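# Summary of structural features
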Amino acid sequence: MRIRGYAPGTPCWAELVSPDPAAAERFYGELFGWARNADGHFTLGGRAAAGLREGRRGGSAAWLISISTDDPSGTAGAVERSGGAVRVPPASVRDLGTAAVFSDPGGALFGTWLRSRFGGAQVSFEPGAICWYELATHDLDRTGAFYKEVFGWHTVEAPSDGRPYFELHHHNDTVGGLLPIDDRFPPGIPDHWTACFMVEDAAAACARATELGGSVAHAAAPASAGRYARLADPTGGHFAVIELSEDWAL
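Below: a short report on this structure. (Residues numbered from 1 in each chain as written. Predicted model: local features only at pLDDT ≥ 70, side-chain atom pairs only at ≥ 80, totals over all residues. Heavy atoms only, no water.)

Here we come to the overall build of the protein chain. Counting its secondary structure elements, the protein chain contains 4 helices and 16 strands. Computed over C-alpha atoms, the radius of gyration of the protein chain comes to 17 Å, within 12% of the 18 Å expected from 2.2 N^0.38 for 250 residues, which places it in the range of a compact globule. If you line up the protein chain on its principal axes, its C-alpha atoms span 45 × 45 × 35 Å. Residue burial in the protein chain is summarised as follows: out of 250 residues, 50% are buried. Where the 20 positive side-chain charges of the protein chain centre and where its 30 negative ones centre are 6 Å apart. (Helix = DSSP H or I, 4+ residues; strand = E, 2+ residues; numbered from the N terminus. Rg over C-alpha atoms; globule rule 2.2 N^0.38 Å. Buried < 20%, exposed > 50% of the residue type's maximum accessible area, 1.4 Å probe, protein only. Lys, Arg positive; Asp, Glu negative; His and termini not counted. Charge placed at Lys NZ, Arg CZ, Asp CG, Glu CD.)

So, about the sheet that holds strand 4 (residues 47-54). Strand order in this open sheet of 8 strands is 2-3-4-1-5-8-7-6, and the pairing throughout is mixed. In this open sheet, the two strands that pair with only one neighbour each are strand 2 (35-36) and strand 6 (85-93). Two elements, strand 7 (residues 97-103) and strand 8 (residues 109-115), share 7 bridges in a ladder whose sense is antiparallel. Bridge pairing in strand 8 places A100 opposite T112. Across the sheet, helix 3 (residues 140-151) lies against strand 5 (62-68), strand 7 and strand 8, angled at about 15 degrees from strand 8, the strand it touches most. (Pairing = 2+ DSSP bridges. Contact = heavy atoms within 4.5 Å. Axes fitted to C-alpha atoms, helices over the stretch in contact; angles between N-to-C directions.)

On to helix 2 (residues 72-81), then. Within helix 2, burial applies to P72, T75, A76, G77, A78 and V79. Lining the buried residues of helix 2 we find strand 6, strand 7, strand 8 and helix 3. Of the residues trailing helix 2, G83 is marked for its positive phi of about 100 degrees.

As a further point, take the side chain of T75. On the secondary structure map, T75 appears in helix 2. A polar side-chain atom of T75 sits 2.9 Å from a polar atom in the side chain of T69. In this view, T75 contacts T69, F102, T112, V150 and F151; residues no more than four positions away in its chain are not counted. (Polar contact = N/O pair within 3.5 Å; in protein donor to acceptor, adjacent residues only side chain to side chain.)

Read across the open sheet, the 8 strands follow the order 10-11-12-9-13-16-15-14; overall the sheet is mixed. Among the strands making up the open sheet, the edge pair consists of strand 10 (154-157) and strand 14 (215-223). Here the strands of the sheet are splayed against their neighbours by 30 degrees on average, with no regard to which way each runs. Of the pairings in the sheet, the one linking strand 9 (residues 130-137) to strand 12 (residues 173-180) comprises 4 bridges and is parallel in character. From the neighbouring strand, T137 faces strand 12, where its bridge partner is P180. Strands in contact with helix 1 (residues 21-32) are strand 13 (192-198), strand 15 (226-232) and strand 16 (238-244); relative to strand 16, the strand with the most contacts, it is inclined by about 5 degrees.

The next subject is the packing of helix 2 against helix 3. Between helix 2 and helix 3, the least distance of the axes is 9 Å, while the angle of their chain directions is 150 degrees. In terms of orientation, helix 2 lies roughly antiparallel with respect to helix 3. When you trace helix 2 past helix 3, the crossing you get is right-handed. Contacts between helix 2 and helix 3 involve T75, A78 and V79 from the first element and F146, V150 and F151 from the second. Taken together, the residues of the contact of helix 2 with helix 3 sort by class into 5 nonpolar, 1 polar and no charged. (Parallel < 35°, antiparallel > 145°, perpendicular 65-115°, else oblique. Left-handed = near helix turned anticlockwise from the far one by under 90°. Nonpolar A, V, L, I, M, F, W, Y, C, P; charged D, E, K, R; others polar.)

Bear in mind that shape data such as this cannot, by itself, settle questions of function.
Right, dumping it as structure tokens:
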């Protein structure tokens, strides 16, 4: 599905910060069929699918999700008033737009994006494209209150396999998922956002990721929307994949 724009308060982009961009390009190119364009973005069928930039050498890779804003400074102020922190103040990224990085009260990192020439992901809900943004937290109430104050989101309990799961809603749109950190996660894991990409076969994606030097943190298993798995690329960048059931596929 081609995306033409994002309203303020809507997740709009996911970017991999990697200590080895060349290795990341090989891994995700083989796994999702991505290429690179002149802006350095991963592309799927010529459309921007995700970002890639170089991180600290010797560090681990990490995915950073970004939320659209029309007022970066105002968002920064709302983050601080609501108990979060400004990690990277708003700054221009060439002629593409204005980016900033924040952490919420639980420490989960996220970015914001004010579009200029570039609006965000140009493709979604296709195999190899972003289809979901998910936040895991130790404190549902505090986290929900923060994102309500900053972006106007509210939480709605969603159908699940018996474990708590919530959707994050912005006006009438569903913008992501929210779940508690429990025994589904390794001990000691911090609050975090996860970018989830659509695949045709979750089990096959797990096998292919392993062949390419990645790892499987959570094997493909049934979820309310299909079959879901959590993976890591060869330099430690964690992400998720989902094989949507027929009821959820667009």
